[in-house]
Amino acid sequence: MAKTETPRPKTPNAVRGTQDMLGGTAEAFQERFAHVVATFERVRKLYGFQRVEVPVFESTAVFARSLGESTDVVSKEMYTFEDRGGDSITLRPEFTAGISRAYITEGWQQYAPLKVATHGPLFRYERPQKGRFRQFHQLDAEIIGAGEPGADVELLVLADQLLRELGVSEGVTLNLNTLGDAASREAWRAALIAHFEAHRGELSEESIDRLHRNPLRILDSKDPRDRPVADSAPDIDAYLTDEARSFFEKVTAGLDAAGVAWERNARLVRGLDYYRHTAFEFITDRLGAQGTVLGGGRYDGLIENLGGPSTPAVGWAAGIERLAMLVDSPEISGPTVAVIPMGEAAEVKATGIVADLRRAGVACDMGYRGNMKKRMQRANASGAAWAVILGDDELARGEAAVRNLGTGEQEAVALDALIGKLTAL
């Protein structure tokens, strides 16, 4: 009777919107990623921003209250699950809510105004695009407890310097708008509802759904049906209070004084009610449709939404993957030395040589198998500058052959002098 073979189990694929990388691709990305993070760490210290850490998951209520139950992030994009204790937990989709929660629960009000910065992984169930993933990483900077326009200016100058020092500022434009204070925003909201109601039949289904719930979001709709109505909607300028107008003028004057170029974008909005005054985005022309590399604004009502005291705050976030895509690719270095043993005795000796070289700070590698020709081919392909060839004859003489893989020149070096020789080279 024929033996029945057990079917091989199907291997699960990587989750859509995540990345697997190997070798040079992984190294190049990690080099760029590390460069972005290191530059951010250096620049935030220049501005006196303290490092802050918050959990990678929070009670779902933290994000539902801060982002709004009706937003796409909460209704469609959050990774939410029930833990073993029956509590609803969500992987963080952004940093601001967790930092604001910690500001309340950890008693950080005593340090206000508090300047903090962090970076790390975030999770959103979004449609993957160029520079957008479901597991992604962001830089984040916040000033909590400062209601003055100077805080907005400092954050924007910090962002501008970061982009300059990363070498990605060319082709990046700061788009700036004001959402006014509460009175300005409420008057503008009423005018927008009246305008959109008058053109209700021309709007997309999604915008009709947003009309009373979140009318500001219609202004940045990507649906071509909405654009004529959105483009003809009133700007906020006609509804700004004197206080709100003065606040925005102080922000723009501060940016001018600091030499930060900006452009007014009256259609740049934030849909949630706790956003006030300044809204901004640094937009590049080098990433296609996903052009925003850094964005943020003032969120004076958020901490109160989370059950804390009325607290002014402003902040921004930047996608590390997107910034890394704009950074020039570094050269990836391979091993400096390739050790090529021939024979069992030579392999034992070579293992010690490789260990000593690495301890001395020399990058080296040794193949596990293959004849002399194949090992030399791999050594050349690796980009190594030198090859150490060790066989029975070399062992008997107490030496190794050291070959310059660039010129082909070769010399015999005593084994007890080998590490010093290669370290000097």
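The present account deals with the structure reproduced in this document. (Residues numbered from 1 in each chain as written. Predicted model: local features only at pLDDT ≥ 70, side-chain atom pairs only at ≥ 80, totals over all residues. Heavy atoms only, no water.)

Turning our eyes to something else, we now look at the overall build of the protein. From N to C terminus, the protein includes 15 helices and 16 strands. Whereas a compact globule of 425 residues would reach a radius of gyration of roughly 22 Å, the protein reaches 29 Å, over 25% beyond that. Overall size of the protein, expressed as C-alpha extent along the three principal axes, is 95 × 75 × 45 Å. Split by element, the accessible area of the protein, about 21,400 Å² in all, is 50% carbon and sulfur. With 50 positive and 61 negative side-chain charges, the protein shows a spacing of 5 Å between the two charge centroids. (Helix = DSSP H or I, 4+ residues; strand = E, 2+ residues; numbered from the N terminus. Rg over C-alpha atoms; globule rule 2.2 N^0.38 Å. Areas by Shrake-Rupley, 256 points an atom, 1.4 Å probe, with all protein chains shown as cover. Lys, Arg positive; Asp, Glu negative; His and termini not counted. Charge placed at Lys NZ, Arg CZ, Asp CG, Glu CD.)

Tallying each qualifying case throughout the model produces 22 salt bridges. Here Asp-235 ties to Arg-267 by a salt bridge, and the two come within 2.4 Å at their closest N and O atoms. One end of the pair, Asp-235, is in the loop between helix 8 (227-231) and helix 9 (242-258); the other, Arg-267, is in the loop between strand 8 (263-264) and strand 9 (276-284), with 32 residues separating them in the sequence. The exposure class assigned to Asp-235 is partly exposed, which follows from its relative accessible area of 33%. By sharing partners, the salt bridges in this structure join Glu-41, Arg-44, Arg-51 and Glu-53 into a single network. (Salt bridge = Lys/Arg side-chain N within 4 Å of Asp/Glu carboxyl O. Buried < 20%, exposed > 50% of the residue type's maximum accessible area, 1.4 Å probe, protein only.)

On to the sheet that holds strand 3 (residues 80-82), then. Read from one edge of the open sheet, three strands run 2-4-3, paired in antiparallel fashion. The open sheet is flanked by strand 2 (57-59) and strand 3, the only strands paired with a single partner. Mean inter-strand twist for the sheet, computed between neighbouring axes without regard to direction, equals 35°. Direction of pairing for strand 3 relative to strand 4 (residues 88-91): antiparallel, over a ladder of three bridges. Its bridge partner lying in strand 4, Thr-80 is registered against Thr-90. (Pairing = 2+ DSSP bridges. Axes fitted to C-alpha atoms, helices over the stretch in contact; angles between N-to-C directions.)

The element helix 4 (residues 96-105) is extensively covered by neighbouring structure, given that eight of its ten residues are classed as buried. All of the buried residues along helix 4 are Thr-96, Ala-97, Gly-98, Ile-99, Ser-100, Arg-101, Ala-102 and Tyr-103. Within two residues after helix 4, Gly-107 carries a phi angle of roughly 70°, on the positive side.

A few words now on the nonpolar core. Ranked by size, the top nonpolar core spans 44 residues in total, and within it Leu-139, Phe-282, Trp-316 and Leu-323 carry the most contacts. The leading source of residues in this core is helix 5 (residues 149-166), at ten residues. Look past the residues within four positions of Leu-323 in its chain and what remains in contact with it is Val-36, Leu-139, Leu-163, Leu-166, Val-168, Val-293 and Ala-318. Listed in part, the 39 residues of the second largest apolar core include Phe-95, Ile-99, Tyr-103 and Leu-211. (Core = buried A, V, L, I, M, F, W, Y, C linked by side-chain atoms within 4.5 Å. Contact = heavy atoms within 4.5 Å.)

A cis geometry characterises the amide bond from Ala-112 onward to Pro-113, with omega recorded as -5°. The residue Pro-113 is located in the loop between helix 4 and strand 5 (114-123) in this model. Not every positive phi belongs to a glycine, and His-277 is a case in point at roughly 50°. Positionally, His-277 belongs in strand 9. Here His-277 falls in the buried class, since its relative accessible area comes to 10%.

Moving on to the packing of aromatic side chains. The tally for this structure, following the rule as stated, stands at two aromatic pairs. Just above the ring of Tyr-125 sits the side chain of Arg-134; from NZ or CZ to the centre is 4.0 Å. (Phe/Tyr/Trp six-rings, centres within 6.5 Å; stacked < 30°, edge-to-face > 60°. Lys NZ or Arg CZ within 6 Å of the ring centre and 35° of its normal.)

Here we come to the side chain of Ser-184. Tracing the chain through its elements places Ser-184 in helix 6 (residues 182-198). Polar contacts involving the side chain of Ser-184 include one to the main-chain amide nitrogen of Thr-241, which spans 3.0 Å. Filtering out sequence-adjacent residues up to four positions away, Ser-184 remains in contact with Tyr-239, Leu-240, Thr-241 and Ala-244. (Polar contact = N/O pair within 3.5 Å; in protein donor to acceptor, adjacent residues only side chain to side chain.)

Burial analysis of strand 5 places eight of its ten residues in the buried class, the great majority of the element. Pairing between strand 1 (residues 50-51) and strand 5: two bridges, direction parallel. Bridging from a neighbouring strand, Arg-51 pairs with Ala-117 of strand 5. Relative to strand 6 (residues 135-144), strand 5 runs antiparallel, the two being bridged by ten bridges. Bridging across to strand 6, Leu-122 finds its partner in Phe-136.

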